[in-house]
Amino acid sequence: MNPDMENRFKRAREIIENGDYFRILTHYDVDGVCSAGIVAKYLLQHGKNFHISFFRNAESSEIINIVNNEDYVILTDLGSSFVAKMKGDVIVLDHHKPPADNEEIVHINPHIFGYDGAHDACASTLAYYLTEDPRIARFALAGIFGDKQHLGGFTGLNLELLDSMGIRPQENLVLHGEVLDAVVYSTEPFFPGLSGKPEVVGKILEKLKISPTKKIEELSEEEKVKLGSYLSLVLVRESQVPEAGRFIVGMDVDMGGSVRYLTELLDSAARSDEQSVALGYILGEDGNLERMEILRKRYKSEVINNIYEMLNNYFTRGHVIYFFAPNGYLTSSLATIASLYLFPPDRVIVGIYVDAQVHISVRCSKYFARKFHLGEILREICAFLGGQGGGHSVAAGCTLPKGKEEEFLELLNEKIEKGISQ
Ligand SMILES: [Mn+2]
């Protein structure tokens, strides 16, 4: 690790040493919950008290008020975007591209130290390096998987973390649990015509002579190949992503269980607005596992229903494919799944959810990320339209005043066009 970065971790530990009570402010998703959970566990081990709050929007007057009025504040998975406004005993562990640095507080962001915050480290990676506690490493990995930083192989600080623990990631089937449920509740990948359809999957398993209640891990090699090739063909036939057939296998890490599955459990709890269930589990409440299993099935069913809905009701404008989602959590889940598994890589996917404001999630393929940076494009558009937003090269989001949807889509398409033609 970069020595200047190491130095900031040291300063962060000193601030924690000095305080008794900390406000932890974090993002609602897996990386947010895991990074906050890792920090909270560290605080408990050092006899400190804390209060955690989860936020959907990474920047709000509420967050800024808390930062200004509390003695000790730790922000994880958010904070870098408004770091210039902070002073005092504040620690920021964020990996979203920062507009500036602030040496008055302890600002830890991989971008400042020559790493790529979209791939080399997420907030949970940073939280791990703050605590250096191998017992919580699996939650750091869940954050990494949650933010999709494992895709394409581990790099930067994520790779350093794995290497330091002697962990080797492995490729295997991306399904978990009993075979029938594993396929029926699968959203990553989403199997058009199979996900959410137990009767159809039951018939297929009968034909393949695979017991529906057998666990994926207990399948023979022959059964695994049979199931894998069948599902692979479904993906090739139904998806518009050229390499879709390969989505049936993926990277996983075994740390007393599949990290990929752990990520799904934490993600489902977080997106069902039950962050405390996920947080409790990270802090040691093993009983919460059962509750997370239930939340996973419930959330996955909701996602699957909404994917079918989206596939029947999406719109195209130039390089943009957009759809309307029924709530904020689903907007980003659906946009991610649509971009990774369903639509061509030369399209930018936009999920829109409207309440008192317009909430937008934007995703694009890695192929496009070489041509433009979605987070920067969204920040520019927001500055123009009067909203707040930003994010990573391939995943970004924003909130706009109501009625600005049309202008947003128009500007986004223009900027993509410009990026492509350069
Ligand atoms: Mn994150």
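If you walk through the whole model with that rule in mind, you get 1 cavity of 30 Å³ or more. The computed volume of the largest cavity comes to approximately 40 Å³. Forming the boundary of the largest cavity are Val-183, Leu-194, Val-201, Ile-204, Leu-205, Leu-227, Tyr-230 and Leu-231. Contributing elements (two or more residues each) for the lining of the largest cavity: helix 8 (198-208) and helix 9 (221-238). Its residues assigned to classes, the lining of the largest cavity comprises 8 nonpolar, no polar and no charged.

The next subject is the packing of helix 2 (residues 30-45) against helix 5 (residues 137-146). Interaxial distance between helix 2 and helix 5 falls to 8 Å at its minimum, and their mutual angle equals 160°. As the angle between them shows, helix 2 and helix 5 are arranged roughly antiparallel. Both helix 2 and helix 5 take part in a crossing whose hand is left-handed. The segment helix 2 lies against helix 5, with Val-30, Asp-31, Cys-34 and Ile-38 engaging Phe-139, Ala-140, Ala-142, Gly-143 and Gly-146.

Each domain of the chain was delimited in the assignment, giving domain 1 (3-166), domain 2 (171-252) and domain 3 (313-421). Computed from C-alpha coordinates alone, the two centres of domain 2 and domain 3 are separated by 30 Å. Of the residues lining the interface, 10 residues belong to domain 2; the matching set on domain 3 comes to 8 residues. Linking domain 2 with domain 3 are 0 salt bridges, by the criterion used here. Connecting domain 2 to domain 3 are 3 residue pairs in polar contact (both at pLDDT 80 or more). Split by residue class, the side of domain 2 that touches domain 3 holds 6 nonpolar, 3 polar and 1 charged.

This next bit is on the layout of surface pockets. The volume enclosed by the second largest pocket comes to roughly 520 Å³. In terms of lining residues, the second largest pocket is bounded by 22 residues, among which Leu-175, His-176, Gly-177, Glu-217 and Tyr-261 are the most central. Sorting the residues of the lining of the second largest pocket by element identifies strand 6 (170-173), helix 7 (179-184), helix 10 (259-271) and helix 12 (288-312) as the ones contributing at least two each. Partitioning the lining of the second largest pocket into residue classes produces 6 nonpolar, 5 polar and 11 charged.

To continue, consider the pairing of strand 10 (residues 348-354). The element strand 10 is extensively covered by neighbouring structure, given that 6 of its 7 residues are classed as buried. Both strand 9 (residues 320-324) and strand 10 contribute to a ladder of 5 bridges, which runs parallel. Following the sheet pairing, Phe-323 is matched in strand 10 by Gly-351. Crossover connection from strand 9 via helix 13 (residues 328-342) to parallel strand 10: handedness right-handed. Hairpin geometry of strand 10 and strand 11 (residues 357-363) is characterised by an intervening segment of 2 residues between the two adjacent antiparallel strands.

Next up on the list: the sheet that holds strand 9. Taken together, 6 strands build an open sheet; the order of strands is 8-9-10-11-13-12 and the sheet is mixed. In this open sheet, the two strands that pair with only one neighbour each are strand 8 (315-317) and strand 12 (388-391). Strand-to-strand twist of the sheet, defined as the mean angle between neighbouring strand axes without regard to direction, takes the value 20°. Strand direction decides the pairing type here: strand 11 and strand 13 (residues 395-401), joined by 7 bridges, are antiparallel. Bridged to His-359 within strand 13 is Thr-399.

Before going further, it helps to examine the coordination of the manganese ion. Summarising the metal site, the manganese ion is bound by the protein donors Asp-31 (OD), Asp-77 (OD), His-95 (NE2) and Asp-147 (OD), whose distances to it range over 2.1 to 2.3 Å. In primary sequence terms, the donor set of the manganese ion follows D-x45-D-x17-H-x51-D. One end of the pair, Asp-31, is in helix 2; the other, His-95, is in the loop between strand 4 (89-93) and strand 5 (106-108), with 64 residues separating them in the sequence. You'll find Asp-31 and His-95 in the same group, each marked buried.

Quick look at the pattern of salt bridges now. If charged atoms from side chains of opposite charge come close, those side chains can pair. All chains considered together, the criterion is met by 20 salt bridges. For the salt bridge of Arg-317 with Glu-410, the shortest nitrogen-to-oxygen distance reads 2.9 Å. With Arg-317 in strand 8 and Glu-410 in helix 16 (residues 405-421), the pair connects residues that are 93 residues apart, well separated along the chain. Taking the relative accessible area as the measure of exposure, Glu-410 reaches 38% and is therefore partly exposed. Connected via shared salt-bridge partners are Glu-264, Arg-296 and Lys-300.

One finds Leu-93, Phe-139, Leu-141 and Leu-266 to be the most contacted residues of the largest nonpolar core, which totals 62 residues. Contacts of Leu-141, omitting those with residues within four sequence positions, involve Phe-154, Leu-162, Ile-167, Val-253, Met-255 and Val-259. Judged by nonpolar contacts, the second largest core, of 45 residues, contains Leu-175, Val-234, Tyr-329 and Ala-338.

Nonpolar side chains collect at one region of the surface, where Phe-315, Phe-324 and Val-354 lie side by side and expose about 260 Å² of accessible area between them. Positionally, Val-354 belongs in strand 10. Judged by relative accessible area, Val-354 falls into the partly exposed class, the value being 31%.

A separate point is the side chain of Glu-264. Its place among the elements puts Glu-264 in helix 10. At a separation of 2.7 Å, a polar atom in the side chain of Glu-264 contacts the side chain of Arg-296. Aside from chain neighbours lying at most four places away, what touches Glu-264 is Arg-296 and Lys-300.

The rules behind the values
Residues numbered from 1 in each chain as written. Predicted model: local features only at pLDDT ≥ 70, side-chain atom pairs only at ≥ 80, totals over all residues. Heavy atoms only, no water. 1 Å grid on protein atoms, 1.4 Å probe; cavity = no way out; pocket = protein on both sides within 12 Å on 5 of 7 lines; lining within 4 Å. Points joined across faces, edges and corners; volume = space filled by probe spheres on them. Helix = DSSP H or I, 4+ residues; strand = E, 2+ residues; numbered from the N terminus. Nonpolar A, V, L, I, M, F, W, Y, C, P; charged D, E, K, R; others polar. Axes fitted to C-alpha atoms, helices over the stretch in contact; angles between N-to-C directions. Parallel < 35°, antiparallel > 145°, perpendicular 65-115°, else oblique. Left-handed = near helix turned anticlockwise from the far one by under 90°. Contact = heavy atoms within 4.5 Å. Domains from an automatic or database assignment. Salt bridge = Lys/Arg side-chain N within 4 Å of Asp/Glu carboxyl O. Polar contact = N/O pair within 3.5 Å; in protein donor to acceptor, adjacent residues only side chain to side chain. Buried < 20%, exposed > 50% of the residue type's maximum accessible area, 1.4 Å probe, protein only. Pairing = 2+ DSSP bridges. Right-handed = clockwise from strand over helix to strand, strands pointing away. Donors = N, O, S within 2.8 Å, 3.2 Å for Na, K, Ca; no water. Core = buried A, V, L, I, M, F, W, Y, C linked by side-chain atoms within 4.5 Å. Patch = residues over 30% accessible without salt bridge, like charges linked within 9 Å, V, L, I, M, F, W, Y side chains within 5 Å. Areas by Shrake-Rupley, 256 points an atom, 1.4 Å probe, with all protein chains shown as cover.

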